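Residue-level structural notes
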Amino acid sequence: MKFTKPRLPYMQSDLEPVISTTTIDYHYGKHEQAYIDNLNKLIEGTEYEDMALEAIIRNSEGPLFNNASQAWNHIFYFFQFSPDGLKEPSGKLSAQIIDQFGSIEEFKKKFEEAGASLFGSGWVWLSADESGKLYITQGKNAENPMTDGLRPILVFDVWEHAYYLDYQNRRAEYLHRLWDIVDWDIIGVRYGE
Ligand code: MN
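Residues numbered from 1 in each chain as written. Predicted model: local features only at pLDDT ≥ 70, side-chain atom pairs only at ≥ 80, totals over all residues. Heavy atoms only, no water.

**Points about helix α1 (residues 21–43)**
Note the following rule: A helix here means a DSSP run of H or I that spans at least four residues, while a strand means a run of E at least two residues long, and both kinds are numbered starting from the N terminus. One fewer than the residue count of a helix, multiplied by 1.5 Å, yields its expected span. Contact criterion: two residues are considered in contact whenever any of their non-hydrogen atoms come within 4.5 Å of each other.
If you check α1, its first and last C-alpha atoms are 32 Å apart, about what 23 residues at 1.5 Å a residue would give, namely 33 Å. Against α2 (53–58), α3 (62–78), β3 (151–157) and α6 (160–167) lie the buried residues of α1. Just downstream of α1 lies Gly 45, where phi reads positive at about 75°.

Dropping the structure here:
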């Protein structure tokens, strides 16, 4: 099997009460494992077998795209959290957010609104272009802004499986609480600090 699920850099209980142990167990343990297993089955014996995951995402469609992108998206999502990370953006990312959105609070509000207003399953992304300009975008299902030439730096999962065990139908509350566990050191590194 080519792709494997990386071990999380924290304990399953470390993100409580924002994300419960049970949610991590199902979401990263079972959902993410299924995407990776499907991806491995779909690439076996094909031209995709020796490609990097990002290359598969940029060059596939249908079930292969869906499983490859979901495999990548979940690793990106779970690896941006930390129980004791930097709580606010800093440096050049902070300056860029304030320049484009007015304030950190205003940015967070817009990001939460984009997640709350996405109909059905998907992701809300913060990405950057080559000049460092930031973009908040909604992605349906498995969509990833890297296929539009942007570099993702932050993502919130708005599939119901991400929040239903902990927040039931209260997606907006889930989105608002996620800021408590985002590690802005990691987001800053992704932005290019
Ligand atoms: Mn998910």
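Let's pick the thread back up.
**Let's talk about the packing of aromatic side chains**
Selection rule: Aromatic contacts are taken between Phe, Tyr and Trp rings whose centres are within 6.5 Å, Trp giving its six-membered ring; a plane angle under 30 degrees counts as stacked, one over 60 as edge-to-face, and the others as tilted. Summary of the burial criterion: residues with accessible area below 20% of their type's maximum are buried, those above 50% are exposed, and those between are partly exposed, where the area comes from a 1.4 Å probe applied to protein chains only.
On inspection of all chains with the given rule, the structure shows 19 aromatic pairs. Measuring from ring centre to ring centre gives 6.4 Å for Phe 107 and Trp 184, while their planes differ by 75°; the resulting arrangement is edge-to-face. Residue Phe 107 is found in helix α5 (residues 104–116), and its partner Trp 184 is found in helix α8 (residues 184–191); the two are separated by 77 residues along the sequence. Judged by relative accessible area, which is 0%, Phe 107 ranks as buried.

**What about the sheet that holds strand β1 (residues 122–128)?**
Heads up, the condition is: A pair of strands is considered paired only if DSSP assigns at least 2 bridges between the two. Each axis is a line fitted through C-alpha atoms, and for a helix only the stretch in contact is used; angles between axes span 0 to 180 degrees, taken between their N-to-C directions.
In spatial order, the strands read β2-β1-β3; together these three strands make up an open sheet with antiparallel pairing. Edge positions in the sheet fall to β2 (134–140) and β3, since each has one partner strand and no second. Averaged over neighbouring strand pairs, the angle between their axes works out to 25° when direction is ignored. Of the strands in this sheet, β1 and β3 touch α3, which is tilted by about 85° from β3.

**Focus on α8**
Let me state the cut-off plainly: The arc in question is the one traced by the directions running from the helix axis out to the C-beta atoms. Pairs of N or O atoms are called polar contacts if they sit within 3.5 Å, as long as, within protein, a hydrogen donor faces a hydrogen acceptor (for residues adjacent in sequence, only side-chain-to-side-chain pairs).
Within α8 the residues assigned to the buried category are Trp 184, Ile 187, Gly 188, Arg 190 and Tyr 191. Along the axis of α8, the buried positions cluster into a sector of 160°, meaning they face one direction only. N-cap assignment for α8: the residue whose side-chain oxygen lies 2.9 Å from the backbone N of Asp 185 is Asp 183.

**Observations concerning the coordination of the manganese ion**
Selection criterion: Only N, O and S atoms count as donors, using a 2.8 Å cut-off from the metal and 3.2 Å for Na, K and Ca, and because water is excluded some sites may appear unfinished.
Looking at the manganese ion, the protein donor atoms are His 27 (NE2), His 74 (NE2), Asp 157 (OD) and His 161 (NE2), and they sit 2.0 to 2.1 Å from it. For the manganese ion, all donor residues lie on one chain, and their spacing in sequence is H-x46-H-x82-D-x3-H. Of the two residues, His 27 is situated in helix α1 and His 74 in helix α3; the sequence distance between them amounts to 47 residues. Each of the two residues, His 27 as well as His 74, counts as buried.

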